[in-house]
Amino acid sequence: MSDELKKVVILGTGGTISGKGEAGKTTGYSAGSISVEDIIASVPGIEKLARLEAEQICNVASDNITDKEWLRIAKRINELAEDPEVCGFVITHGTDTMDETAFFLNLTVKTEKPVVITGAMRPATAISADGPMNLYQAVLTAACPEAAGRGVMVVFADRIYGGRDVQKRSTYIVTALDQVEGGLLGVIRDEEIRWYYESCRPHTVKSEFSPEGLEKLPVVRVLYFHVDCDKDMAARLAEGADGLVIAGAGAGGTSKELGKTFASLGIPVVISSRISSGTVTQSAAERSGSVAADNLPPQKAAVLLRLALTKTKERDELIRIFRTY
Ligand code: SIN
């Protein structure tokens, strides 16, 4: 290993990439069973890309990630980013909530050094496990000088996605991480990265949000609208919550009876769509005194609302924040 190589820090959090199960099988495994050091050791040639330093933040299926881990990762990256020897970061993470973690970090890490999240759809013990290639490409991206300043990225199956726009779009295929609208940041073919697009939404050093001084995030709940949705459901969910996101039908629609309750809940309500594609306009949200999520799917609207509520509860300010990020 050459001392000339740049240092990339890999933060392990678990997921299928560290999953272990019956040899060859792709289901019935336990996510978060193999250490980040062991995943690195399974990737041939990775040591030629960068000097790697590994830290295990946690080792869980990503459905168990909480605001505690989010804040810990963001603070740790902000601390390590001060080290001039460190040129970039990789986070290994389960795919289930990877899109939420990516958006949270995109808004809270304070560095232009590349921060790349990756994972796998097949456990390490499966035939054609996808984790090793994904990790290789993630390290390649984190060590790439041209990756600096592009915000938090997700590298998955040869593609580079922006942390704001990436979503999990399938329960099983190896290209499960994808985005609905907008362009790919880049693609990877062996050791070559080709860059194409950039999000114009502020992130990292240009974001107004910071993890510093926070021990937890405000409580935000998500209400999934459906035919015959109980009109009292919003009021029930609002109890003990700081904010509510509606996964509405179409462009954010709900029944009149349910929509009428939003203004009297006493907490901010953000309208998103259960379609997870396309926009909700402020004019539609205005009718119920709510805030439009723009094109953020419900789970990402919840991330932004939690961060926004660390600063303000004012509706006009929340409208500005959802228009900005
Ligand atoms: C998880 O999100 O931890 C399990 C699923 C996955 O990583 O693909």
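This structure is a prediction, so every number in the text was calculated from the model and none was measured.

**Observations concerning the pairing of strand β3 (residues 86–92)**
- Summarising burial for β3: 7 of the 7 residues are buried, a large majority.
- Note that strand β1 (residues 7–14) and β3 share 6 bridges and pair parallel. Each bridged residue has a counterpart across the sheet, and for Val9 the counterpart in β3 is Phe89.
- Both β3 and strand β4 (residues 115–118) contribute to a ladder of 4 bridges, which runs parallel.

**Quick notes on the sheet that holds strand β12 (residues 243–248)**
- Pairing in this open sheet of 4 strands is parallel, and the strands run β11-β12-β13-β14 from one edge to the other. The sheet is open, and its two edges are formed by β11 (220–224) and β14 (291–292), each paired on a single side.
- Across 5 bridges, the pairing between β12 and strand β13 (residues 269–273) is parallel. Note on β13: the bridge partner recorded for Ala247 is Ser272.
- On the sheet, helix α8 (residues 298–308) packs against β11, β12 and β13 and is oriented at approximately 160 degrees with respect to β12.

**As for the domain arrangement of the protein chain**
- When its domains are assigned, the protein chain resolves into domain 1 (7–206) and domain 2 (220–324).
- Here domain 1 and domain 2 have C-alpha centroids that lie 29 Å from each other.
- On the side of domain 2, 16 residues touch domain 1, which itself brings 18 residues to the contact.
- Contact between domain 1 and domain 2 buries roughly 1400 Å² in total, counting both sides, with carbon and sulfur atoms accounting for 54%.
- On the domain 1 side of the interface with domain 2, the three residues burying the most area are Phe103, Arg164 and Arg201, jointly 34% of the side's total.

**Details of the site of the ligand**
- Every residue near the ligand is listed here: Gly15, Thr16, Ala61, Ser62, Gly94, Thr95, Asp96 and Ala120.
- Between the ligand and the protein, one listed contact pairs an oxygen atom with a backbone N or O atom of Asp96 at 2.9 Å.
- Isolated, the ligand exposes 250 Å² of accessible area, and the fraction of that covered by the protein chains is 93%.

How each quantity is defined
Residues numbered from 1 in each chain as written. Predicted model: local features only at pLDDT ≥ 70, side-chain atom pairs only at ≥ 80, totals over all residues. Heavy atoms only, no water. Buried < 20%, exposed > 50% of the residue type's maximum accessible area, 1.4 Å probe, protein only. Helix = DSSP H or I, 4+ residues; strand = E, 2+ residues; numbered from the N terminus. Pairing = 2+ DSSP bridges. Contact = heavy atoms within 4.5 Å. Axes fitted to C-alpha atoms, helices over the stretch in contact; angles between N-to-C directions. Domains from an automatic or database assignment. Buried area = accessible area lost by both parts, 1.4 Å probe. Near = heavy atom within 4 Å. Polar contact = N/O pair within 3.5 Å; in protein donor to acceptor, adjacent residues only side chain to side chain. Areas by Shrake-Rupley, 256 points an atom, 1.4 Å probe, with all protein chains shown as cover.

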